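Analysis of the macromolecular model
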Amino acid sequence: MSEEYKVPEGLYYTEEHEWLKVLDDGNVLMGITDYAQKQLHEIVYVELPEVGKDVERMDTIGTVESVKAVSDVYSPVSGTIIEVNETLLDSPELLNEDPYGEGWIAKMKPKNLDADLKELMTAEEYKKHIEALHH
Amino acid sequence: MSLKKTQLYQYHKEHGRLIEFAGFEMPVWFEGIIPEHNAVRNAVGIFDTSHMGRMRAEGPDAERFLNYIVTNDVSALEPGRGLYTVMCNERGGIVDDLIVYKLTPERFFVVYNASNREKDFNWFLRHSEGFDVELHDVSDEIAMIAVQGPRALRTLEKISSRPLSDVDRFQIVETRLSGVEAMAARTGYTGEDGFEVFIFDATLERPEKALQVWNALLEAGEEFGIKPCGLGARDSLRLEAGLCLYGNDIDENINPLEARLRWVVKFKKPSDFIGREALLRIKEEGVKRLRVGIMMEERGIPRKGYEIWDGEGEEKIGVVTSGGYSPTLNVGIAMGYVPREYRKIGTPVRINIRGRLARGKIVKFHPFYDETKYGWRRVEA
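What counts and how
Residues numbered from 1 in each chain as written. Chains lettered and ligands numbered in written order. Predicted model: local features only at pLDDT ≥ 70, side-chain atom pairs only at ≥ 80, totals over all residues. Helix = DSSP H or I, 4+ residues; strand = E, 2+ residues; numbered from the N terminus. Rg over C-alpha atoms; globule rule 2.2 N^0.38 Å. Buried ≥ 20, exposed ≤ 12 C-beta atoms within 10 Å, placed from the backbone. Contact = placed C-beta atoms within 7 Å. Axes fitted to C-alpha atoms, helices over the stretch in contact; angles between N-to-C directions. Parallel < 35°, antiparallel > 145°, perpendicular 65-115°, else oblique. Left-handed = near helix turned anticlockwise from the far one by under 90°. Nonpolar A, V, L, I, M, F, W, Y, C, P; charged D, E, K, R; others polar. Core = buried A, V, L, I, M, F, W, Y, C linked by C-beta atoms within 7 Å. Domains from an automatic or database assignment. Pairing = 2+ DSSP bridges. Arc of directions from axis to C-beta. pLDDT = per-residue confidence, 0-100.

Our next topic: the overall build of chain A. Helix and strand content of chain A: 5 helices and 9 strands. The C-alpha radius of gyration computed for chain A amounts to 14 Å, which stays within 12% of the reference 14 Å derived for 135 residues, consistent with globular compactness. Taking the principal axes of its C-alpha atoms as reference, chain A extends roughly 40 × 35 × 25 Å. Across the 135 residues in chain A, those meeting the buried criterion constitute 38%. Long-range contacts, defined as pairs at least 24 residues apart, comprise 62% of the intrachain contacts of chain A with a sequence gap of at least 6.

Right, here's the structure in full:
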């Protein structure tokens, strides 16, 4: 089955399929990509990080589970969790329906944003990354 | 090594998400595990189960042979009837769980797990010495489709040459399905009413008859909202029904008494059987652990291999052998083994979910759901 994956321009991506969006106020929003949600399919359970927690880049900050699989969620940057999307606790399907919008996972105050962004992929690079996974 | 395929592979490849299971390339889902699961609980779904092992056992000693191999009493079967059973090794450990059908006094049909196809057939061959019985592995010549759900009967009857409502549970009958020679048994692995059908003359090289029946079923069930189902829904349905999966909940290191399959061990049947002595000793001594069902009381999904702890979270008492999300109950459920003293329904336990000791309790698990609302015993409104 061939599938199309949405990879919006202007976001940053990890190899583990998280996206990061830099907000106007300098904070960041993160979630899992369309590719990640399609691989998991039918997400039924989410564990979110605690607000106020300090995390390092690529620390596990949560878990996403489908009927069959468990997948860790990694932090794309170092910083502090300042808000989590609690709607996901009751409506984990938002991660399938709108991974870059209503399915956002956490808002963070980054610590070394400029340095961390260099470690992340652009939309173009991420597209190539998921293409490579399929060949 | 390339993966094996079933007679319905072409359909799966075009419509499903494929995975490897027991050496076969099989669909894990077509539309999704949850919609497929719900179709079976509420209406009807079909599963390709052609990867399972199937054997004919024929001859004057066929019955005596099978009764020596399995723990249940094959000699109690009337022609046209089948039974669920296990077969054990000399230590009483479960070699496999299976269904044995008596077609005629000297012709039997045996269905066993895909993951044990070679092991079982070799086991049968090895123990058939001295018996006047011929064994034929027909797994690749006969396709197998499970039609499951409260609308399974009405769906299957639409393409069957004979009515099927008079067929009892575990009865097997000959019929023609959309013109194709077949057998239909009122059995399944979902907890629901339904049939497992065997389509003759459908080999891997000439799978047309299997595809014909599969497509005829999809068309016949359309008015009920039939869905083709993958192994994902098969697993979530059997878990909700509290049915064992070989390799998870039972294996050669688990005996049927601790697996709560005492009811398929017939110590008083007329003949000896492999494992009888060991099982008698285990029965005398009493089992130390038992298979139980657990339902989560807080957020979290128990999975195979997770630790079971006591209610206070003080010590580890067992391990989850099957677990997952129950679409019907919208909660995490599991089966696992715990010491006898924890068996009582309502006993609090904890599940170690990645370091967090989440609360759960021991519940009735065969099945987990309310039998007046779901499953083959349900009270139809």
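Here we come to the environment of B:Leu279. Residues and elements named next belong to chain B. In this structure, Leu 279 sits in helix α8 (residues 276–285). Counting along the chain gives 17 residues from Leu 279 to Arg 262, while the straight-line C-alpha distance between them is 9.8 Å. Those residues in contact with Leu 279 that sit more than four places away from it in its chain are Cys 88, Gly 92, Asn 255, Leu 257 and Val 265.

Another point: the packing of helix α2 (residues 33–42) of chain B against helix α7 (residues 231–240) of chain B. All names here are of chain B. The interhelical angle for the contact between α2 and α7, taken along N-to-C directions, is 55°, at an axis separation of 8 Å. Judged by the angle between their axes, α2 and α7 are oblique. Seen along the crossing, α2 lies across α7 with a hand that is right-handed. Contact residues: Ile 33, Glu 36, His 37 and Val 40 in α2; Gly 232, Ala 233, Ser 236 and Leu 237 in α7. Taken together, the residues of the contact of α2 with α7 break down into 4 nonpolar, 3 polar and 1 charged.

All names here are of chain B. Counting 120 residues, the largest nonpolar core has Ile 145, Val 147, Val 197 and Ile 199 as the members making the most contacts within it. A per-element tally of this core places strand β6 (residues 94–104) first, with 6 residues. Residue assignment places this core across two domains, with domain 1 (9–52 + 140–240) and domain 2 (54–137) each supplying three or more. Beyond its immediate chain neighbours, meaning those up to four positions away, Ile 145 contacts Ile 46, Phe 47, Asp 48, Thr 49, Val 197, Val 213, Trp 214 and Leu 217. Residues Leu 239, Tyr 342, Ile 351 and Phe 368 belong to the second largest nonpolar core, which totals 23 residues.

Moving on to the sheet that holds strand β4 (residues 43–47) of chain A. Residues and elements named next belong to chain A. Spatial ordering of the open sheet is given by β4-β6-β7, a layout of 3 strands whose pairing is antiparallel. A single partner strand is all that each edge strand has here, and the edge strands are β4 and β7 (70–74). Recorded for the sheet is a direction-independent mean angle of 25° between the axes of neighbouring strands. The pairing of strand β6 (residues 60–66) with β7 spans 5 bridges and is classified as antiparallel. Its bridge partner being in β7, Glu 65 is matched across the sheet by Val 70.

Looking now at the domain arrangement of chain B. Residue and element names in this part refer to chain B. Split by domain assignment, chain B resolves into domain 1 (9–52 + 140–240) and domain 2 (54–137). For domain 1 and domain 2, the distance between their C-alpha centroids amounts to 24 Å. The residue inventory of the side of domain 1 that touches domain 2, partitioned by class, reads 9 nonpolar, 3 polar and no charged.

Each partner contributes to the interface: chain A provides 10 residues, whereas chain B provides 11 residues. Elements that contribute at least two residues to the side of chain A that touches chain B include exactly β4 and β6 of chain A. Split by residue class, the side of chain A that touches chain B holds 5 nonpolar, 2 polar and 3 charged.

Moving on to the pairing of strand β9 (residues 106–110) of chain A. Residues and elements named next belong to chain A. Side-chain alternation along β9 places Ala 106, Met 108 and Pro 110 on a buried face and Lys 107 and Lys 109 on a face that remains uncovered. Relative to β9, strand β3 (residues 28–32) runs antiparallel, the two sharing 3 bridges. Its bridge partner lying in β9, Leu 29 is registered against Lys 107.

In this section: helix α4 (residues 117–127) of chain B. All names here are of chain B. Considered for burial, the residues of α4 that qualify are Arg 117, Asp 120 and Phe 124. Burial along α4 is one-sided: seen end-on, the buried residues are contained in an arc of 75°. Every exposed residue of α4 that faces more than 90 degrees away from the buried side is listed here: Glu 118, Asn 122, Leu 125 and Arg 126. Looking at the buried residues of α4, the elements they touch are β4 (53–58), α3 (62–69), β6, β7 (107–112) and β8 (134–137).

Right, let's talk about the sheet that holds strand β9 (residues 143–148) of chain B for a bit. All names here are of chain B. With mixed pairing, the 6 strands of this open sheet are ordered in space as β10-β11-β12-β9-β3-β13. Two strands lie at the open edges of the sheet, namely β10 (172–177) and β13 (227–229), each paired on one side alone. Here the strands of the sheet are splayed against their neighbours by 30° on average, with no regard to which way each runs. Where β9 and strand β12 (residues 194–199) come together, 6 bridges link them in antiparallel fashion. Counterpart to Ile 145 in the pairing with β12 is Val 197. Across the sheet, α2 lies against β3 (45–48), β9 and β13, angled at about 115° from β13, the strand it touches most.

In this model, chain B carries an average pLDDT of 97, and 99% of its residues clear a pLDDT of 70 or more. The complex prediction reports pTM at 0.94, with the ipTM value standing at 0.84.

Right, let's talk about the environment of B:Glu157 for a bit. All names here are of chain B. Of note, Glu 157 is situated in helix α5 (residues 152–159). Along the sequence, Glu 157 and His 136 sit 21 residues apart, while their C-alpha atoms lie 30 Å from each other. Excluding residues within four positions of it along the chain, Glu 157 makes contact with Pro 163 and Leu 164.

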